[in-house]
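Single-letter residue listing:
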Number of protein chains: 4
Amino acid sequence: MAEVTQEGIQSKRQAIIEAALDIFAKQGYEETTIAQIAAAAGVAVGTVYLYFHNKREIYTQASIDWTKRMAAALRDPRILSLPVQQVPRAMIETVFRLCHQNSNMMSIFQVDIQSSEELQQHREAEGAITGAVDAFLRSTVESGQLAPFDTMMYAKILFGMVHSALFECFCVQEGRFEEAIQENTIEIVERLFFGPPIASGQRKASIRDERDAL
Amino acid sequence: MAEVTQEGIQSKRQAIIEAALDIFAKQGYEETTIAQIAAAAGVAVGTVYLYFHNKREIYTQASIDWTKRMAAALRDPRILSLPVQQVPRAMIETVFRLCHQNSNMMSIFQVDIQSSEELQQHREAEGAITGAVDAFLRSTVESGQLAPFDTMMYAKILFGMVHSALFECFCVQEGRFEEAIQENTIEIVERLFFGPPIASGQRKASIRDERDAL
Amino acid sequence: MAEVTQEGIQSKRQAIIEAALDIFAKQGYEETTIAQIAAAAGVAVGTVYLYFHNKREIYTQASIDWTKRMAAALRDPRILSLPVQQVPRAMIETVFRLCHQNSNMMSIFQVDIQSSEELQQHREAEGAITGAVDAFLRSTVESGQLAPFDTMMYAKILFGMVHSALFECFCVQEGRFEEAIQENTIEIVERLFFGPPIASGQRKASIRDERDAL
Amino acid sequence: MAEVTQEGIQSKRQAIIEAALDIFAKQGYEETTIAQIAAAAGVAVGTVYLYFHNKREIYTQASIDWTKRMAAALRDPRILSLPVQQVPRAMIETVFRLCHQNSNMMSIFQVDIQSSEELQQHREAEGAITGAVDAFLRSTVESGQLAPFDTMMYAKILFGMVHSALFECFCVQEGRFEEAIQENTIEIVERLFFGPPIASGQRKASIRDERDAL
DNA sequence: AATGAATGAGAGTTCATTCAT
DNA sequence: AATGAATGAACTCTCATTCAT
């Protein structure tokens, strides 16, 4: 019985988060009112405050919830069991698909962090994503499939790139050029990991020379 | 005298934009009040409305102003006259330096677009940046220094990556790890353009050596 | 309990209308602030907006409320059961008495209509008054006590006259000459319906007699 | 030259009044800004304040200006030289025509008086109208064409009626039913002065005869 | 636990008025 | 006399938060 209540609490909490996620994504943080979230979640305004202390906490939790979904998608064993060369494409296609399905949910990343506690939570949530990417990168390095490099930093920077491409694709361009943006993003990552570099052509060696000369 | 007035008007408008830029960057859009901007600009509240129709217009203009500064920095002839291999590093160092100087100004990119007019203005402003990068990329392709590719799309995606790295660096990490983030970002771009890809495991040692040598 | 709530809501709404009516009458529409109305009604500013969408709606409702009181007073069976010759006096005395009691409430008619919806509401409310007068006039015509004429138009024009006399009496003259204005207004209407016309100089004495007899 | 300046001043003052009259009539008092009036009058905002102390003074003067035009129209010798029986129709037709030409200028009477000084000025202005009517009524009484009555009070009440009919006609009904409202208003006044009263039911035919005989 | 009516601080915005030029 | 940029008080309206039920 306690468990049932527990579940009831959790489902109501989750309903609020999902309603919030949806409305925040559509309207942005400031334009969303608690009344709207409550109505969409099928509860009263006061009830929202039983589960969250204030509006920002709802936002933070919703944002983290969405980030966790991304991280979970990236940890999909079906992706990680692929040959290394196919993983970048699989990961990027996965996040594009996720955003495509939850079309305007990208804007959920747009609110700036205000308290250090929030920062901590956001870091943890983003860490789940970059951690997933990092885990993959590290494993490939360890197995000798990739040369050693700062995997965590690369994971962060590359996820930043993908994230920014997703934002451009689904927020700025509103879904137009999805194919082109996705494919070019994949191309960049694949080229970075598996080459050849753009400069290659026939003169790849000589470029090397020039760089060495610097 | 007309010129003085003209200058006076422009300086007052500029003072408001600069005050706004500063406070928006510090506090975020919603947390910033017109009264604060007016006070910081040394004018009365009503005066702000002589130069801007509403709060969002101030934000948009301030944001564009900042974007233009970035674009201008990237168009610096001293960068473009460098050997191709040195340009990515020069560009990335430039924007990192600009953000370092205007520390918390990165967050100015964070507000989502609300009207199609705003979208148009933001596109133009961002287009100035990606256009600068694109111009460089195209010229290198045309001169045969780089193999052909979708330069505009690459410019957008890569600027997205750098921008997201800047945000991570100056907003999330508040300046910590600046060196590491900057260097890894440069490394990724250089590797992409001038290789070798990370996967070329057998040459691992030499790459390391080269990097250490730089 | 539902009834209590219902009553509570209605009483609060009514309290706001009454407070508004009072302050609008004293100060005029534009000079009245929501804060004043809220204070006078004993509620918070926000509460006012729970019952009305905006300031004009408060005004419109208050204005209609007052018009309805007038209409109700004119429909008093005690008036309508009087002999026809006594009805005009009774009606005019009634509205003068009502305005006397709610001294400065006349000015509530002074704001011009702005939306077609408002126009519709005002027409309905004023229609309640002129309708009451018209109903009386029509019944007298139907019973042959008055010759046929455009009863609705007469009702409107004559109510306009009385209303304007009330405004002159209670707004412009601030209650002075109440007796004289009222009596002359009654005299005009009685003369119009039951004559003789002013021009019939020879019957002057008999008119006096008839009036004295009432 | 001083005279020229004097004329210049007067013409500029008059230009402001006329611009104000027009815009007040169209938009109402509060919705009209000094900037609009200045623009319409072809002067700078500051200039308006050279001729009027504040916004209400402009309104008051404009309102008085319009009232004076009405009064002047009613004092037209062509009206006063008519046979007594034709004067009411002539006067009412005159004011309807004036309002028809300056269609929405009726609403200029709608703002309530706020200071006793304003009250005084409005009384004087309205006195010019009712005085004109009163003068006519008195002269007819003195010449024995009408029986004695409180001419001033009648003038006020009847002008109130006509004014209210004008408001109904041009503000509420926006010009519809102009003919019907005007004719019924005339009929009421003619009946009042020259009879017979409506109550003379069985004698309807003879009423017509009497009216034709006037 | 759940409700939703009530709150009231605080925001953006307007515009009559001023005054240095 | 004429200007119009600058002012800032004051307004309406919103909505996160509370709390009696």
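Refer to the structure above for everything that follows.
The text that follows walks through the structure, step by step, so that each part is easy to find. (Residues numbered from 1 in each chain as written. Chains lettered and ligands numbered in written order. Predicted model: local features only at pLDDT ≥ 70, side-chain atom pairs only at ≥ 80, totals over all residues. Heavy atoms only, no water.)

## Some remarks on the protein's contact with DNA strand E
Reasoning step 1: Within the structure, DNA strand E sits among 30 residues, and Lys-12, Thr-47 and Tyr-51 of chain A together with Thr-47 and Tyr-51 of chain C are positioned closest to it.
Reasoning step 2: Of all DNA strand E atoms lying within 4 Å of any protein atom, the proportion belonging to sugar or phosphate reaches 68%.
Reasoning step 3: In this structure, a phosphate oxygen belonging to DNA strand E sits 2.7 Å away from a side-chain N or O atom of Tyr-51 of chain A.
Reasoning step 4: Here a phosphate oxygen of DNA strand E sits 2.7 Å away from a polar atom, N or O, in the side chain of Tyr-49 of chain B.
Reasoning step 5: Secondary structure elements with two or more residues in the surface near DNA strand E: α3 (45–51) of chain A, α3 (45–51) of chain B, α3 (45–51) of chain C together with α3 (45–51) of chain D.
Reasoning step 6: For the surface near DNA strand E, the class distribution of residues is 16 nonpolar, 10 polar and four charged. (Near = heavy atom within 4 Å. Polar contact = N/O pair within 3.5 Å; in protein donor to acceptor, adjacent residues only side chain to side chain. Helix = DSSP H or I, 4+ residues; strand = E, 2+ residues; numbered from the N terminus. Nonpolar A, V, L, I, M, F, W, Y, C, P; charged D, E, K, R; others polar.)

## Some words on the relation of the copies chain C and chain D
Reasoning step 1: Each copy of the sequence occupies a distinct position, and chain C is placed on chain D by a rotation of 179 degrees and an axial shift of 0.1 Å, giving an RMSD of 0.3 Å. Both copies are brought into coincidence by an operation consistent with a two-fold rotation axis. Among all residues of chain C, the one whose C-alpha sits closest to the rotation axis is Met-161 of chain C, at a distance of 2.0 Å.
Reasoning step 2: Here 96% of the interface residues in chain C have copies in chain D that are interface residues too; the copies meet face to matching face. (Least-squares fit on C-alpha atoms with pLDDT ≥ 70 in both. Contact = heavy atoms within 4.5 Å.)

## Some thoughts on the interface of chain C and chain D
Reasoning step 1: Chain C puts 45 residues into the contact, and the matching count from chain D is 45 residues.
Reasoning step 2: Regarding the contact of chain C and chain D, the summed buried area is about 4,000 Å², with carbon and sulfur atoms giving 63% of it.
Reasoning step 3: Counting the surface chain C buries against chain D, the share from its top three residues, Tyr-154, Ile-157 and Ile-198 of chain C, is 16%.
Reasoning step 4: The interface formed by chain C and chain D contains two salt bridges.
Reasoning step 5: Put simply, Lys-156 of chain D and Glu-168 of chain C hold a salt bridge, and the shortest N to O gap is 3.6 Å.
Reasoning step 6: In this assembly, chain C and chain D are joined by 14 residue pairs in polar contact (both at pLDDT 80 or more).
Reasoning step 7: Put simply, the parts of the chain that give the side of chain C that touches chain D at least two residues each are α7 (116–142), α8 (151–172) and α9 (178–194) of chain C.
Reasoning step 8: For the side of chain C that touches chain D, a count of residues per class yields 22 nonpolar, 12 polar and 11 charged. (Buried area = accessible area lost by both parts, 1.4 Å probe. Salt bridge = Lys/Arg side-chain N within 4 Å of Asp/Glu carboxyl O.)

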